[in-house]
Amino acid sequence: MRVDIISIFPDMFTSPLSYGLLKRAREAGVVNISVHDLRAFTHDKHRTVDDYPFGGGPGMVMKPEPVFEAVEALRRPESHVVLLSPQGRLFTQAVAQEMASIENLILLCGRYEGVDERVALQVVDEELSIGDYVISGGEVAALVLMEAVVRLLPGVLGSPLSLEEDSLGWGLLEYPQYTRPAEFRGLDVPQVLLSGDHAQVRLWRREQALERTYKRRPDLLESAPLTADDRQFLKKLEGAVTLPAREE
Ligand code: SAM
């Protein structure tokens, strides 16, 4: 996968791309990430990327010319151009999975009050939002997207199993995890995890994942792939577990 990021603050990416999984994936050649300074696509002395909004109002708007030029310079036939925006389609694990099969992602990071609408109309294939809140720039959103997508690329994680078991990987929240020591400040690790009985461990984990999802994110159960055993277990939970009050 090739990722081209366009930003007015390219240095913001230096540290996050130099640690952990993103660093390893880049070193292994699984992903090639290039960060491009939007100001390199300006032609005036001050390298201007923003201007006042037509019609008045607070703040500045990112000018269309440098963004068009940057995307035109980087775009390939296989490119998918994404504008990070709070107005976009919600970025979820399922969307991350979709993105993982794209050969070239071009990520456009907004700043100020956003980007001139003609960018969204002409050069962007889709807008993606990382959640229903507004942050001050698209850089952190682009990093969230890359953190989620790159770990899905073949060969990045040691065990592909951990992807399936991750929260949301199998449509449910993940079961609770424990490590040594087996007893800590009076809190014991559940006995089944120390038993060496792999079938029982699998069953316990599945039931814990179902119970957690039922208590914390019951909405996920509507689309999770559930077996007949899962459904039976959930039926037993109904009534036995008090769900947190839903926000209206
Ligand atoms: N005035 C804009 C609006 O209401 O839609 C928000 C502009 S925001 C302050 C500046 C930039 O941050 C946006 O252009 C976008 O690139 C990025 N951004 C803010 N919130 C985001 C979110 N939830 N998801 C993705 N990008 C976001």
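Sequence order as written defines residue numbering, which begins from 1 separately in each chain. The model is predicted, so local features are restricted to residues of pLDDT at least 70 and side-chain atom pairs to those at 80 or more, both for listing and for counting; the totals for chains, interfaces and linings are taken over all residues. Only hydrogens and water are removed before side-chain values are computed, so all heavy atoms of the structure are retained for them.

Enquirer: Give a description of the overall build of the chain that names residues and reports values.
Expert: Secondary structure elements are defined from DSSP: runs of H or I of at least 4 residues count as helices, runs of E of at least 2 residues count as strands, and each element is numbered from the N terminus. Helices and strands together make up the secondary structure of the chain, namely nine helices and nine strands. Computation of the radius of gyration draws on C-alpha atoms, with the globule rule given as 2.2 Å multiplied by the number of residues to the power 0.38. Relative to the compact-globule value of 18 Å for 248 residues, the chain shows a C-alpha radius of gyration of 23 Å, a clear excess of over 25%. Its C-alpha atoms give the chain principal-axis dimensions of about 70 × 45 × 40 Å. Put simply, the chain has 248 residues, and 42% of those count as buried. Contacts: residue pairs with any heavy atoms within 4.5 Å of one another. Long-range pairs, those at least 24 residues apart, make up 74% of the contacts in the chain between residues at least 6 apart in sequence. Here the accessible surface of atoms and residues is derived via Shrake-Rupley with a 1.4 Å probe, and residues count as covered only by protein chains that are part of the display. Carbon and sulfur atoms make up 51% of the accessible area of the chain, which amounts to about 14,900 Å² in all. Neither His nor the chain termini are counted; the positive set is Lys and Arg, and the negative set is Asp and Glu. In plain terms, the charge of a residue is placed at NZ if it is Lys, CZ if Arg, CG if Asp and CD if Glu. Side-chain charges of the chain comprise 27 positive and 38 negative groups, with the mean position of each set lying 5 Å from the other. Between buried and exposed lies partly exposed: a residue is buried under 20% and exposed over 50% of the maximum accessible area for its type, with that area taken using a 1.4 Å probe on protein chains only.

Enquirer: Let's hear about the site of the ligand: which residues, and what values?
Expert: Distances are taken per atom, and a residue is near a molecule or strand as soon as one of its heavy atoms is within 4 Å of it. For the ligand, the set of nearby residues contains 20 residues, the closest of which are Leu84, Gln87, Gly110, Glu113 and Tyr133. The definition of a polar contact used here is a pair of N or O atoms within 3.5 Å, where within protein one atom must be able to donate a hydrogen and the other to accept one, and adjacent residues in sequence count solely through side-chain atom pairs. Note that an oxygen atom of the ligand is positioned 2.6 Å from one of the backbone N or O atoms of Leu84. One of the side-chain N or O atoms of Gln87 is found 2.8 Å from an oxygen atom in the ligand. Protein chains shield 85% of the accessible area of the ligand, which is 580 Å² for the free molecule.

Enquirer: A description of the domain arrangement of the chain should follow, citing residues and the corresponding values.
Expert: The domain limits used here are those given by an automatic or database domain assignment. Domain assignment breaks the chain into domain 1 (2-150) and domain 2 (159-248). Between domain 1 and domain 2, the C-alpha centre-to-centre distance is 36 Å.

Enquirer: I'd love a proper account of the environment of Gly56, names of residues and values included.
Expert: With respect to the helices, strands and loops of the structure, Gly56 is situated in the loop between strand E3 (50-51) and strand E4 (61-62). Judged by its relative accessible area of 45%, Gly56 is partly exposed. Considering only alpha carbons, one finds Gly56 and Pro225, 169 residues apart in sequence, at a separation of 50 Å.

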